[in-house]
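Listed below, chain by chain, are the residues.
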Amino acid sequence: MKTITDAEAQAAEIVRKAREEADYTVAAARKEATDMIAAAGASAKESMKNAEGNRRTEEEKLTVKAMDVATAEIGHLRDRATSMESEVTSMIISELVG
């Protein structure tokens, strides 16, 4: 009878230790998962921040390029208007004199 009682006590101890180990393993896994999620979130935030910075930089480059194109076009239109001004003046004088 003592052997059975000792065997049951050992079995109970083994089950207790197994439960402790399982609880510890689950807790460690949960902590690791939480840490991984936090790290992924921080990484995602950093990536978004970098993407936003890159977008702003690209937007600024495109704005400068658009301004350069617009300035060049304005200069071209001014030159064309100046060259046409003398032609128009000559046409008006021809009409008035003519």
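We now turn to the structure provided with this report. (Residues numbered from 1 in each chain as written. Predicted model: local features only at pLDDT ≥ 70, side-chain atom pairs only at ≥ 80, totals over all residues. Heavy atoms only, no water.)

### Regarding the overall build of the protein
Working step 1: Of the regular secondary structure elements, the protein holds one helix and zero strands.
Working step 2: The C-alpha atoms of the protein give 41 Å as radius of gyration, which overshoots the globular expectation for 98 residues (13 Å, by more than 25%).
Working step 3: Surface exposure of the protein reaches about 9,000 Å², of which carbon and sulfur atoms provide 62%.
Working step 4: Charged side chains of the protein number 14 positive and 19 negative; the gap between the two group centres comes to 9 Å. (Helix = DSSP H or I, 4+ residues; strand = E, 2+ residues; numbered from the N terminus. Rg over C-alpha atoms; globule rule 2.2 N^0.38 Å. Areas by Shrake-Rupley, 256 points an atom, 1.4 Å probe, with all protein chains shown as cover. Lys, Arg positive; Asp, Glu negative; His and termini not counted. Charge placed at Lys NZ, Arg CZ, Asp CG, Glu CD.)

### Here's the deal with a nonpolar patch on the surface
Working step 1: On the surface, a cluster of nonpolar side chains totalling about 610 Å² of accessible area is made up of M84, V88, I92, I93, L96 and V97.
Working step 2: On the secondary structure map, L96 appears in helix 1 (residues 2-97). (Patch = residues over 30% accessible without salt bridge, like charges linked within 9 Å, V, L, I, M, F, W, Y side chains within 5 Å. Salt bridge = Lys/Arg side-chain N within 4 Å of Asp/Glu carboxyl O.)

### Digging into the pattern of salt bridges
Working step 1: For the structure shown, the criterion picks out six salt bridges.
Working step 2: A salt bridge links R16 to E13; its shortest N-O distance comes to 2.4 Å. Of this pair, R16 and E13 both sit in helix 1, three residues apart, roughly one helical turn.
Working step 3: R16 sits in the partly exposed class, given a relative accessible area of 36%.
Working step 4: A residue is classified by how much of its surface remains accessible, and E13, at 31% relative accessible area, is partly exposed.
Working step 5: Put simply, E59 and R55 hold a salt bridge, and the shortest N to O gap is 2.8 Å. Of this pair, E59 and R55 both sit in helix 1, four residues apart, which is roughly one turn of that helix.
Working step 6: On the basis of relative accessible area, R55 is assigned to the partly exposed category, the value being 40%. (Buried < 20%, exposed > 50% of the residue type's maximum accessible area, 1.4 Å probe, protein only.)

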